[in-house]
Amino acid sequence: MSNHDPVDVLIIGAGASGAAIAWSLLETRMRILCLEQGDHLADKDYPSRRDDYELARYGDFSCDPNVRQRKQDYPINSADSCITPVNWNGVGGSTINFLGHWPRLRPSDFRTKTLDGVAEDWPVDYHTLAPFYDMNDRNIGASGLAGNPAYPDYTPPHPPIPMGKLGRRLARGFNEKGWHWWPSDVAILSRDDDGRQKCVNAGTCDLGCAAGAKGGSNFTYWPILENAGVELRTKARVREILVDEGTGLANGVLYHGADGEVHEQRAEMIVMACNGVGTPRLLLNSTSKLFPDGLANRSGLVGKNLMFHPLTGVAGVFDEPMRGHEGPMACSILSQEFYESDPSRGFVRGYGLHSGRSTTPMTFALGGYGIDNPIAWGAAHREIMDNQYEYLAGLTVVTEDLPEEHNCVTLDPELTDSDGIPAPKITYRLGDNTRAMLRHGEERARELLLAAGAKQVLGKSDDKVWWRAGWHQMGTCRMGHDPANSVVNGWGRSHDVKNLFIVDGSIFVTAGAVNPTSTIQALALYIGDQIKTNIETLFD
Amino acid sequence: MIWSDVETARLDAILDELIPANPKRDIPAAGAAGVAHFLSDKAQADAGFHATVSSLLRLAADMADMADKVTTDLVRQLEAQAPDDFQMLLAETYKGYYSRPDMRVKFGVGAHPVHPQGYDVERESAEILAELTAPVVARGPVFRDLPGDKQ
């Protein structure tokens with residue numbers, strides 16, 4: 001075991017949130033070190049440069065770490081869940097393979113208890129975060145159309161990406177129904193900016209964006225951070241966070257380095273940025289006399305209240321080719337007509353209707369993105385591929401999950417990663433409210449597709465959600481004012497350990513029904529701002 | 001090829017049933033397209049997959065002595081008798097067939113790697129966006145806010 005010089009700030013995880021808070025703290029001139037279990041993704045390793053690029057989606061570029069099984073990945077036991085978490089471990093984190101959809105949470109998402117009597121209110125509100133959403137949008141190069149009536153006013157820095165034939169067709173259907181829709185906000189450049197190339201509409205955002213148009217933190221924050229002197233130590237997997245038993249403060253970590261050895265790294269302040277599965281896993285693995293049930297877990301809520309965004313999809317067969325494989329695969333238009341609570345619907349809160357574009361033939365034949373259910377073989381196969389595939393436009397129902405304590409991340413008693421560190425186990429089942437929402441959403445999506453001119457509508461109708469859809473992992477170390485009912489305070493500081501901060505999706509109090517990364521990064525920038533504001537009394 | 005000539009002929013016949021040809025669009029069946037080579041390569045690297053396909057081929061041999069006796073009904077029986085193995089073969093067949101650039105292009109998708117070329121997609125003009133979004137804007141705000149929140 002070797003020692004390293006102590007640092008002022010130790011960030012664990014080089015993904016969306018770790019990069020954002022490092023950027024925020026740059027001006028403090030503190031010595032910042034980031035430990036990342038993965039590595040940089042070399043330009044030559046992007047599958048989209050290969051002829052058989054789609055195969056990577058089912059191998060070493062799968063979004064599912066249990067399929068991918070790269071050295072830096074840790075296994076996840078999701079046998080007791082109807083949704084399996086997906087991610088990327090490396091510089092950029094899951095912004096490497098996320099789809100770049102960039103909606104914000106809405107004001108009501110922060111006030112679900114007050115407005116709808118469910119879950120808890122956040123200790124921050126939309127308007128407090130709004131400047132940090134704006135700041136982050138500039139940093140990553142967001143594109144979109146100003147004036148969306150589903151939000152208080154804001155203006156994305158770049159114009160929207162093309163909706164495409166598919167998006168325009170669906171938009172006219174929404175107008176026919178009189179329902180809300182808007183061109184999607186995206187973390188994807190619609191024009192060249194700051195040395196990055198605009199989107200070329202490759203349609204394979206999940207395979208990493210070789211052009212750098214997608215605003216992954218590997219292309220946005222990290223080049224700036226490394227130039228500014230932030231040390232990024234890759235292939236460094238943190239085993240546990242250490243605590244000074246005298247002060248009760250965190251004082252460093254043990255990590256497995258690229259050399260295969262265990263190292264100790266001391267730090268004045270530790271920031272966790274491992275997201276909704278990785279962060280509780282590490283806290284639960286960090287036991288001591290002071291914290292026998294896991295670090296920062298006196299509330300017993302570390303790992304509890306896991307929220308995903310359960311998804312289902314409906315597709316319409318139209319009378320002309322929809323060219324759905326051209327353009328960012330999950331981003332065209334978004335309807336929030338059914339986002340807010342309406343008691344007449346039989347459920348509380350709501351969902352979005354996202355117009356995913358189509359996929360390429362192989363992924364479609366295998367059941368679609370995130371689904372392992374190959375389409376029919378034989379004569380039926382010919383019918384589907386010849387008369388449906390090119391003519392499809394689909395809608396994805398993205399529902400708001402409510403926090404429930406039985407949905408959780410724990411440690412698997414047997415499964416470990418390649419360094420012998422206990423792996424996470426997911427226990428998750430759909431709530432009745434979510435099931436009602438999914439049914440309602442599927443019916444509305446069918447209505448919409450017919451209004452848009454679909455001659456046939458294809459749905460799942462089997463009461464199942466997409467399996468490989470655990471992109472959004474939230475709630476497992478939630479924020480709050482009350483230490484008995486939350487893990488961190490209103491600016492991400494652990495109630496129990498005053499120099500331990502959490503900045504990732506685990507601190508979400510509720511999930512909303514939108515992709516969370518824009519909020520994760522806005523929160524990280526906000527927490528960084530609060531750290532700077534409170535620097536004199538930071539650990540009091 | 002990891003399998004014998006007889007086994008390969010039988011496999012080709014099964015593959016032709018899984019993805020039949022469409023002569024009108026010059027789309028070959030999977031066996032004729034040579035997907036067996038893709039499967040053989042996978043079997044060389046994956047003993048489990050090799051065993052799975054070999055088992056299916058033995059089962060098919062019990063049902064039909066010669067490759068040309070492979071029928072749709074026989075393949076249905078394979079699916080019914082060994083559903084997990086069959087699903088694995090089916091998925092790998094789809095991968096081997098549709099990952100080929102020459103096959104993608106028959107379904108309207110470019111043969112080229114998607115980077116750096118991508119696809120040309122025209123951005124909607126400001127006028128079209130204004131026309132399309134006008135009914136949405138006309139409805140006014142559709143979000144809820146709390147008067148007490150900072151604004």
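Residues numbered from 1 in each chain as written. Chains lettered and ligands numbered in written order. Predicted model: local features only at pLDDT ≥ 70, side-chain atom pairs only at ≥ 80, totals over all residues. Heavy atoms only, no water.

A closer look at the overall build of chain A
- Secondary structure assignment for chain A yields 11 helices and 16 strands.
- In terms of principal-axis extent, the alpha carbons of chain A reach across some 70 × 50 × 45 Å.
- Considering chain A as a whole, with its 540 residues, one finds that 68% of them fall into the buried category.
- A separation of at least 24 residues holds for 73% of the contacts in chain A among residues at least 6 apart in sequence.
- Surface summary for chain A: the accessible area is close to 17200 Å², and the carbon and sulfur share equals 46%.
- Taken together, the 51 basic and 68 acidic charged side chains of chain A have centroids lying 3 Å from each other. (Helix = DSSP H or I, 4+ residues; strand = E, 2+ residues; numbered from the N terminus. Buried < 20%, exposed > 50% of the residue type's maximum accessible area, 1.4 Å probe, protein only. Contact = heavy atoms within 4.5 Å. Areas by Shrake-Rupley, 256 points an atom, 1.4 Å probe, with all protein chains shown as cover. Lys, Arg positive; Asp, Glu negative; His and termini not counted. Charge placed at Lys NZ, Arg CZ, Asp CG, Glu CD.)

Notes on the confidence of the model for chain B
- Summarising the model, chain B shows a mean pLDDT of 94, and 95% of its residues fall at 70 or more.
- Note on the complex model: pTM 0.96, ipTM 0.94. (pLDDT = per-residue confidence, 0-100.)

Re the interface of chain B and chain A
- Across the boundary between the two partners, chain B contributes 60 residues, which contact 73 residues of chain A.
- Summing both partners gives a buried area of about 5600 Å² for chain B against chain A, and 62% of it is carried by carbon and sulfur.
- Remark: the boundary between chain B and chain A carries seven salt bridges.
- Where Glu340(A) meets Arg144(B), a salt bridge forms, and the shortest distance between an N and an O atom there is 2.9 Å.
- Across the contact surface, chain B and chain A share 32 residue pairs in polar contact (both at pLDDT 80 or more).
- Those elements giving two or more residues to the side of chain B that touches chain A turn out to be α1 (5-18), α4 (72-81), α5 (83-98), α6 (101-104) and α7 (126-138) of chain B.
- If you tally residues by element for the side of chain B that touches chain A, the top one is α5(B), at eight residues. (Buried area = accessible area lost by both parts, 1.4 Å probe. Salt bridge = Lys/Arg side-chain N within 4 Å of Asp/Glu carboxyl O. Polar contact = N/O pair within 3.5 Å; in protein donor to acceptor, adjacent residues only side chain to side chain.)

Let's talk about the packing of helix α5 (residues 164-177) of chain A against helix α10 (residues 432-451) of chain A
Residues and elements named next belong to chain A.
- Contact geometry of α5 with α10 gives a least axis separation of 8 Å together with a crossing angle of 105°. Comparing the axis directions of α5 and α10 gives the class roughly perpendicular. Across from Leu170, Gly173, Phe174, Glu176 and Lys177 in α5, the residues of α10 making contact are Glu447, Leu448, Leu449 and Ala451.
- A class-by-class count of the residues in the contact of α5 with α10 yields five nonpolar, one polar and three charged. (Axes fitted to C-alpha atoms, helices over the stretch in contact; angles between N-to-C directions. Parallel < 35°, antiparallel > 145°, perpendicular 65-115°, else oblique. Nonpolar A, V, L, I, M, F, W, Y, C, P; charged D, E, K, R; others polar.)

A word on the packing of helix α2 (residues 35-45) of chain B against α5(B)
Residue and element names in this part refer to chain B.
- As a packed pair, α2 and α5 sit with axes 9 Å apart at the nearest point and diverge in direction by 115°. Crossing geometry of α2 relative to α5 is assigned as right-handed. Where α2 abuts α5, its residues Val35, Phe38, Leu39 and Lys42 lie against Leu89, Glu92, Thr93, Lys95, Gly96 and Tyr97.
- Class assignment of the residues belonging to the contact of α2 with α5 gives a composition of five nonpolar, two polar and three charged. (Left-handed = near helix turned anticlockwise from the far one by under 90°.)

Some words on the pairing of strand β2 (residues 32-35) of chain A
Residues and elements named next belong to chain A.
- The alternating pattern of β2 places Ile32 and Cys34 and Leu33 and Leu35 on opposite faces, both of which are buried.
- With three bridges connecting them, β2 and strand β5 (residues 231-233) associate as parallel partners. Residue pairing across strands places Leu35 opposite Arg233, the latter belonging to β5. (Pairing = 2+ DSSP bridges.)

Some points on the sheet that holds strand β13 (residues 408-416) of chain A
All names here are of chain A.
- In spatial order, the strands read β3-β14-β13; together these three strands make up an open sheet with mixed pairing. The strands lining the two open edges of the sheet, one partner per strand, are β3 (77-81) and β13. With strand direction ignored, the average angle separating the axes of adjacent strands in the sheet is 30°.
- Bridge analysis of β3 against strand β14 (residues 422-428) gives three bridges, and the strand direction is parallel. Bridge pairing links Ser81 to Tyr428 in β14.

Quick word on the side chain of Arg281(A)
- Among the structural elements, Arg281(A) can be located in helix α7 (residues 275-284).
- For Arg281(A), the contacting residues outside a window of four places in its chain are Tyr74(A), Leu411(A), Asp417(A), Ile421(A), Pro422(A), Ala423(A) and Pro424(A).

Side note on α2(B)
Residue and element names in this part refer to chain B.
- Every buried residue of α2 is listed here: Val35, Ala36, Leu39, Ser40 and Ala43. Down the axis of α2, the smallest arc covering the buried residues is 140°, so these residues share one side. Along α2, exposed side chains directed more than 90 degrees from the buried face belong to His37, Asp41, Gln44 and Ala45.
- Among the structural elements, α1, α3 (47-63) and α5 are those in contact with the buried residues of α2. (Arc of directions from axis to C-beta.)

Overview of the pairing of strand β8 (residues 262-272) of chain A
Residue and element names in this part refer to chain A.
- Most of β8 is tucked away, with eight of its 11 residues classed as buried.
- Looking at chain direction, strand β7 (residues 250-256) and β8 are connected through five bridges and run antiparallel. Within the sheet, the bridge partner assigned to His256 lies in β8 and is Val262.
- In this antiparallel pair of consecutive strands, β7 and β8, the connection spans five residues, and Gly260 shows a positive phi of 85°.
- Relative to strand β16 (residues 500-502), β8 is paired through three bridges, and the arrangement is parallel.

Here's the deal with the environment of Ile12(A)
Residue and element names in this part refer to chain A.
- Following the sequence through the fold, Ile12 ends up in strand β1 (residues 2-12).
- Between the C-alpha atoms of Ile12 and Leu33, which are 21 residues apart in sequence, the distance is 8.6 Å.
- Not counting the four nearest positions on each side in its chain, Ile12 is found in contact with Leu35, Val238, Ile241, Val253, Ile270, Val271, Met272, Ala273, Cys274 and Leu282.

Things to note about the sheet that holds strand β4 (residues 182-183) of chain A
Residues and elements named next belong to chain A.
- Read across the open sheet, the six strands follow the order β4-β10-β11-β12-β9-β15; overall the sheet is antiparallel. Since the sheet does not close on itself, it has two edges, and those belong to β4 and β15 (456-459), each with one partner.
- Strand direction decides the pairing type here: strand β10 (residues 333-335) and strand β11 (residues 351-354), joined by two bridges, are antiparallel. Within β11, the position partnered with Ser335 by the bridge is Leu353.

A look at α5(B)
- With 16 residues, α5(B) extends 22 Å from end C-alpha to end C-alpha; this agrees with the ideal 22 Å at 1.5 Å per step.
- Taken as a whole, α5(B) has its buried residues at Phe86(B), Leu89(B), Leu90(B), Ala91(B), Glu92(B), Thr93(B), Tyr94(B), Lys95(B), Gly96(B), Tyr97(B) and Tyr98(B). (Expected span 1.5 Å × (residues − 1).)

Concerning the pattern of salt bridges
- If you walk through the whole model with that rule in mind, you get 47 salt bridges over all chains.
- The closest approach of N and O atoms between Arg57(A) and Glu54(A), which form a salt bridge, is 3.8 Å.
- On the basis of relative accessible area, Arg57(A) is assigned to the buried category, the value being 7%.
- Measuring nitrogen to oxygen at the nearest pair gives 3.1 Å for the salt bridge that ties Arg76(B) to Asp73(B). Note that Arg76(B) and Asp73(B) are positioned in helix α4 at a spacing of three residues, about one turn of the helix.
- When its relative accessible area of 48% is taken as the criterion, Asp73(B) is described as partly exposed.
- Among the charged side chains, a salt-bridge network with shared partners connects Arg106(A), Asp109(A), Asp116(A), Glu340(A), Arg349(A), Glu400(A) and Arg144(B).

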